Amino acid sequence: MTAQSPKATRPEPNKGVMDIAAYVPGSDKANPNVKLHKLSSNETPIGPSPAAVDAYNNCANKLEIYPDGSATELRDAIAKTHGLNPENILCSNGSDEILGLLASTYIGPGDEGIFTEHGFLVYKIQIKAAGGVPVVVPETDLKADVDAILAAVTERTKIVFLANPNNPTGTYMSDSEVRRLQENLPPHVMLVLDAAYAEYVRRNDYASGIELVSASQNVVMTRTFSKIYGLAALRIGWMYAPAHIVDAVNRVRGPFNVNSAAIAAGAAAMKDRAHIDKSVAHNDEWLPKLTDALTAIGLKVTPSVGNFILMHFPEGDDVHTSEAADAYLTDRGFVLRRVAAYGLPNALRMTIGSEEANQGVINALTEFMKTT
């Protein structure tokens, strides 16, 4: 008689689930006796468009009605702004949901998903949740490396996740390199271009991926309303993809995955070009100011094209560490992001905040670097 395995005494999660390290959002806790400046989650200091707030408020007297399951108003606003076919757009409860839907739709047990060593932690979570095998590819100077990615592709590879620009490094891959990557991937391997910070980029050799999606059958671009549009609380994301991918994902997503207030506010935000320009102008002013100021006090700053910077503290200095700096800043009300989980133990990521917050961090770190 074959030996029976012990009976489970409670429901057990699927294999590998308990090996997943849960995602930890940016902290919003500081010294309660000082003003809080949360600079840990790349939220915009400009806030949402007034038009988006009005649209959100106008939904208050219709809360008993289900939202439009196709998010037609939002898809149409996105399509008009970017010159796209709305049939190739799918909206979601944050772009994180799309990453999970793509993984669960296209990755099965034993399949591989690729991402780079300092890439968004959610990629690994979603690959493992789908039963897949995460494959981490080394970066070169904190930048994604096309040849390293291609060398990691096997017959089991199903998806390559590429954050462009990347969080938390702020680096990016040029359009020509992205195209070289796509051209050399097997046609059955999906390339997911996570362009959450695309609106902030001011580089002539950068492209968010729209044209590449239009010309390909295996490329998906994801975007978010949580950053420049200032609608993080509403959780709105979207993807632009070939029709066959939209069709497949539509079959597994929740039927009302974007709520009515999010649809209305997102559509209004997408149309408010003046507000977006204001946000871009603020970032364009403070990104170089912060970079120069922090470099001047002895920190290394990775060149960034997003709305955040990655600062590195001196190696071999047991006093001026990222951990000590984090505690020093938090005590003064400035909450930055520790990035040890991204393989960057002696660095902090800082969101470009308000003028008050930015200057406050500069002043605090200037004093911190003088401590002995």
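Everything numeric in this text was worked out from a predicted model, so none of it was measured. (Residues numbered from 1 in each chain as written. Predicted model: local features only at pLDDT ≥ 70, side-chain atom pairs only at ≥ 80, totals over all residues. Heavy atoms only, no water.)

Trainee: How do you make sense of the packing of aromatic side chains when you look at a structure like this?
Mentor: By convention here, two paired aromatic rings are described through the distance between centres and the angle between planes. One pass over the structure, following the stated rule, counts eight aromatic pairs. Ring geometry for Phe 225 against Tyr 229: centres 4.8 Å apart, planes inclined by 40°, an arrangement best described as tilted. Of the two residues examined, Phe 225 and Tyr 229, each falls in the buried class. Look at Tyr 328 and Phe 368: their rings are 5.4 Å apart centre to centre, the planes differ by 55°, and that puts the pair in the tilted class. Note that Tyr 328 is positioned in helix H11 (residues 322–331) and Phe 368 in helix H12 (residues 355–368), a separation of 40 residues in sequence. The pair Tyr 328 / Phe 368 is uniform in exposure class, with both members buried. (Phe/Tyr/Trp six-rings, centres within 6.5 Å; stacked < 30°, edge-to-face > 60°. Buried < 20%, exposed > 50% of the residue type's maximum accessible area, 1.4 Å probe, protein only. Helix = DSSP H or I, 4+ residues; strand = E, 2+ residues; numbered from the N terminus.)

Trainee: Just checking my understanding: could you explain the domain arrangement of the protein for this structure?
Mentor: It is common to report an interface's size as the accessible area lost on association of the parts. Along its sequence, the protein is organised into domain 1 (26–47 + 274–369) and domain 2 (50–271). The C-alpha-based centres of domain 1 and domain 2 are spaced at 26 Å. With 25 residues of domain 1 at the contact, the number on the domain 2 side is 27 residues. Buried area between domain 1 and domain 2, summed over both chains or domains, comes out near 2100 Å², and the portion from carbon and sulfur atoms is 64%. (Domains from an automatic or database assignment. Contact = heavy atoms within 4.5 Å. Buried area = accessible area lost by both parts, 1.4 Å probe.)

Trainee: Honestly, the packing of helix H10 (residues 273–296) against H12 in this entry has me stumped. Any pointers?
Mentor: Each pair of packed helices gets described by two things: the angle between the helix axes and the distance between those axes. With their axes 11 Å apart at the nearest point, H10 and H12 run at an angle of 5° to one another. Between H10 and H12, the angle falls in the class roughly parallel. Contact with H10, carried on its side by His 282, Trp 286, Leu 290, Ala 293 and Leu 294, involves Glu 355, Asn 358, Gln 359, Ile 362 and Leu 365 of H12 and no other residues of that element. (Axes fitted to C-alpha atoms, helices over the stretch in contact; angles between N-to-C directions. Parallel < 35°, antiparallel > 145°, perpendicular 65-115°, else oblique.)

Trainee: I keep staring at the UniProt feature "modified residue: N6-(pyridoxal phosphate)lysine" (unreviewed entry) in the protein and nothing clicks. Help me out?
Mentor: Sequence positions flagged by UniProt for "modified residue: N6-(pyridoxal phosphate)lysine" (unreviewed entry) are, in local numbering, Lys 227. Its location among the elements puts Lys 227 in the loop between strand S7 (219–224) and strand S8 (237–240). Not counting residues up to four positions away in its chain, the partners in contact with Lys 227 are Ser 41, Asn 42, Thr 44, Ala 196, Tyr 197 and Tyr 200. Reaching out from Lys 227, the side chain makes a polar contact with the backbone oxygen of Ser 41 at a distance of 3.2 Å. (UniProt positions renumbered as here; feature names shortened; annotations may be inferred. Polar contact = N/O pair within 3.5 Å; in protein donor to acceptor, adjacent residues only side chain to side chain.)

Trainee: What should I look at first to understand the pattern of salt bridges in this one?
Mentor: Oppositely charged side chains are able to pair whenever their charged atoms sit close together. Under the defined criterion, the tally for this structure stands at 16 salt bridges. In this structure, the salt-bridge partner of Asp 96 is Arg 235, at a minimum N-O distance of 3.9 Å. Of this pair, Asp 96 sits in helix H3 (residues 95–106) while Arg 235 is found in the loop between S7 and S8, placing the two residues 139 residues apart along the sequence. Linking Arg 332 and Asp 331 is a salt bridge whose minimum nitrogen-to-oxygen distance equals 3.8 Å. Among the residues examined, Arg 332 registers a relative accessible area of 35% and is labelled partly exposed. Each of Asp 147, Glu 177 and Arg 180 takes part in salt bridges that share partners, so that together they form one network. (Salt bridge = Lys/Arg side-chain N within 4 Å of Asp/Glu carboxyl O.)

Trainee: Looking at this model, I keep getting lost on the pairing of S7. Mind explaining?
Mentor: Two faces, one strand: in a regular strand the side chains alternate between the faces of the sheet. With six of its six residues buried, S7 lies for the most part within the structure. The alternating pattern of S7 places Val 219, Met 221 and Arg 223 and Val 220, Thr 222 and Thr 224 on opposite faces, both of which are buried. Note that strand S6 (residues 190–194) and S7 share four bridges and pair parallel. In the sheet register, Asp 194 faces S7, and the bridge partner there is Thr 222. Both S7 and S8 contribute to a ladder of four bridges, which runs antiparallel. The residue of S8 that forms the bridge with Arg 223 is Trp 238. (Pairing = 2+ DSSP bridges.)

Trainee: What exactly am I supposed to notice about the packing of H3 against helix H8 (residues 243–250) here?
Mentor: For the pair H3 and H8, the least separation of the axes is 10 Å and the interaxial angle reads 90°. In this view, H3 runs roughly perpendicular relative to H8, as classed from their interaxial angle. Contacts between H3 and H8 pair Leu 101, Leu 102, Thr 105 and Tyr 106 from the former with His 244, Ile 245, Ala 248 and Val 249 from the latter.

Trainee: Explain the sheet that holds S6 here, please?
Mentor: Hydrogen bonds between backbone atoms are what pair the strands of a sheet, whose relative direction is either parallel or antiparallel. One open sheet accounts for seven strands, arranged S2-S8-S7-S6-S5-S3-S4; its pairing is mixed. Among the strands making up the open sheet, the edge pair consists of strand S2 (89–92) and strand S4 (133–137). With direction set aside, neighbouring strand axes in the sheet form an average angle of 20°. Sheet topology note: the strand S3 (residues 112–116)/S4 ladder contains five bridges and is parallel. Residue pairing across strands places Gly 113 opposite Pro 134, the latter belonging to S4. The strands touched by helix H6 (residues 175–184) within the sheet are strand S5 (157–163), S6 and S7, with S6 carrying the most contacts at an inclination of about 160°.

Trainee: For this particular structure, what's the right way to read the nonpolar core?
Mentor: Taken as a class, soluble globular proteins show a tendency for nonpolar side chains to be buried jointly. If you look at the biggest cluster of nonpolar residues, it comprises 52 residues, and the most contacted ones within it are Leu 191, Phe 225 and Trp 238. In terms of residue count, helix H9 (residues 260–271) provides more of this core than any other element does, six residues in total. A domain-level breakdown of this core finds at least three residues from each of domain 1 (26–47 + 274–369) and domain 2 (50–271). Apart from the residues within four sequence positions on either side, Leu 191 is in contact with Val 160, Leu 162, Val 178, Leu 181, Gln 182, Leu 185, Asn 218, Val 219 and Val 220. Judged by nonpolar contacts, the second largest core, of 30 residues, contains Ile 107, Met 239, Val 246 and Leu 344. (Core = buried A, V, L, I, M, F, W, Y, C linked by side-chain atoms within 4.5 Å.)

Trainee: Could you clarify how one ought to interpret the sheet that holds strand S12 (residues 337–338) in this entry?
Mentor: A sheet is described by the order of its strands in space; here four strands give the open sequence S9-S10-S13-S12, paired in antiparallel fashion. Each having just a single partner strand, strand S9 (300–302) and S12 make up the two edges of the open sheet. Pairing between S9 and strand S10 (residues 308–312): three bridges, direction antiparallel. Bridge pairing in S10 places Val 301 opposite Met 311. Set on the sheet, H11 makes contact with S12 and strand S13 (347–351); between it and S13 the angle comes to about 40°.

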